[in-house]
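# Report on the structure
One letter stands for each residue in the lines below.
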Amino acid sequence: MASRIDVHSHYMGEVSFRLLKEAGLIPENFPIKFWSAEDAIDFMDRHDIETQMLSLPFSLRGNAADPQFPAPLIRELNETLAEVVSAHPGRFGAFATLPFNSTDAALEEIEYALDVLHLDGIAQSSNVGGTYLGHAFLEPVIEELARREVPVFMHPNDCIHAADLNLGRVGSFIEFPMDTARNVTNAILTGVFQRHPGLKLILAHNGGVLPTLAWRISEHLGMGQGPGDADIDAQHVEEVLRGLYYEVALAASPHSLLPTLKVADANHLVFGTDYGAAPEAFIARNIEHLVKSDALDDVQRVSIERETALQLFPRLANG
């Protein structure tokens, strides 16, 4: 029987395509194969996956030409995700996408997505139009997500300076893992986790480069923090990093796995594939790294592949 729970799976249905196209993230005449449940289930069956958590982790701001964008299309997307989950019991869950044309729009969608649609959590990118955790614009949203203690899947994104920083390449080479670290470090230094201890973040790709920077962040305290930064110490940094959840898609090789296990216990790691974005051969090699890792015992592997996700998403455990 399939056992793994995949918390990192990209949903690219027709409504996702319309949303991203209107946001200017997909070129005209760009060829795309729309997501289908049948293809996703075939993939899951090939890789011992019982359930996929679907998401479209792009956090989009509004624009002056259409102040309502992207709220109506995101509402349609979240309703479509709820329909997929309902049509395939046990095979799919979903993280809701939020509109950030205004804080009120995001808060309204949290309530609708979680209380009416009963989706499993929230997906948010590592920056929202150049805004990071700790900035005032995001504070009411983070406060509400922490109050609810709902899982928040944090997916990397290019920063607003990506055209220069990527050096002509796609952001997934370097800038994606950097932006995750940038976002969480800013959250730590600005006191986000002091103010909102219920915030439950799942970091894609083992948090990018964040685990390798843990000691460096602690040692730099008092050496150049910003004027609005919080009064924190190295113990706080350690506790925050230990309390985060880390998702292993494309990050189960020793280069990524071992640093993560230095900052968090294995029961704070969860399984993911990056289905819909990563080539299947890449995914298969990553799974092989996880299965063969001598840094994990069988109990820890089961925790990563299934048990921790059941704790994060009790609906799955309850059938």
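Above this text sits the structure in question.
Summary of the structure given here.

Rules used throughout
Residues numbered from 1 in each chain as written. Predicted model: local features only at pLDDT ≥ 70, side-chain atom pairs only at ≥ 80, totals over all residues. Heavy atoms only, no water. Salt bridge = Lys/Arg side-chain N within 4 Å of Asp/Glu carboxyl O. Helix = DSSP H or I, 4+ residues; strand = E, 2+ residues; numbered from the N terminus. Buried < 20%, exposed > 50% of the residue type's maximum accessible area, 1.4 Å probe, protein only. Pairing = 2+ DSSP bridges. Core = buried A, V, L, I, M, F, W, Y, C linked by side-chain atoms within 4.5 Å. Contact = heavy atoms within 4.5 Å. Phe/Tyr/Trp six-rings, centres within 6.5 Å; stacked < 30°, edge-to-face > 60°. Lys NZ or Arg CZ within 6 Å of the ring centre and 35° of its normal.

### A short note on the pattern of salt bridges
A full pass over the atoms with the stated rule returns 19 salt bridges. Across the salt bridge formed by Glu76 and Arg18, the nearest N and O atoms sit 2.6 Å from each other. Within this pair, whereas Glu76 is found in helix H3 (residues 71–87), its partner Arg18 is found in helix H1 (residues 14–22), the two being separated by 58 residues in sequence. With a relative accessible area of 31%, Glu76 lands in the partly exposed category. In this structure Arg18 comes out as partly exposed when scored by relative accessible area, which is 30%. Linked through salt bridges whose partners overlap, the residues forming this network are Asp115, Glu144, Arg147 and Arg148.

### Re the environment of Asp294
Summarising the element assignment, Asp294 is placed in the loop between helix H12 (280–292) and helix H13 (298–312). On a C-alpha basis, the gap between Asp294 and Pro254 in space is 9.3 Å, while along the polypeptide they are 40 residues apart.

### Focus: the sheet that holds strand E1 (residues 4–10)
Spatial ordering of the open sheet is given by E1-E2-E4-E6-E7-E8-E9-E10, a layout of 8 strands whose pairing is parallel. With one partner strand each, in any of the chains shown, E1 and strand E10 (269–270) form the two edges of the open sheet. The pairing of strand E9 (residues 245–247) with E10 spans 2 bridges and is classified as parallel. Its bridge partner lying in E10, Glu247 is registered against Val270.

### Describing the nonpolar core
Note on soluble globular proteins: their nonpolar side chains tend to be buried together. Formed by 83 residues in total, the largest nonpolar core has its most connected members in Trp35, Phe92, Phe193, Leu201, Leu241 and Leu244. Looking at which element gives the most residues to this core, the answer is H3, with 7 residues. When near neighbours in sequence (up to four residues on either side) are disregarded, Leu201 contacts Leu133, Val152, Met154, Phe193, Leu244 and Tyr245. Listed in part, the 15 residues of the second largest apolar core include Met53, Ala123, Phe153 and Leu316.

### Description of the packing of aromatic side chains
All told, the structure shown has 7 aromatic pairs when counted by the stated rule. Considering the side-chain rings of Phe17 and Phe34, the 5.7 Å spacing of their centres and the 75 degrees angle between planes classify their relative orientation as edge-to-face. Separated by 17 residues along the polypeptide, Phe17 in helix H1 and Phe34 in the loop between H1 and helix H2 (37–46) bring together distant segments of the chain. Note on Phe95 and Phe313: the rings are 5.8 Å apart at their centroids and 70 degrees apart in plane angle, and the pair reads as edge-to-face. Residue Phe95 is located in strand E4 (residues 92–97), and its partner Phe313 is located in the loop between H13 and helix H14 (314–317); the two are separated by 218 residues in the primary sequence. Judged by its relative accessible area of 0%, Phe95 is buried. Here the aromatic cluster, defined as three or more aromatic residues joined through ring pairs, consists of Tyr11, Trp35 and Phe92. Positioned above the aromatic ring of Phe137 is the side chain of Arg61, whose terminal nitrogen or guanidinium carbon lies 4.0 Å from the ring centre.

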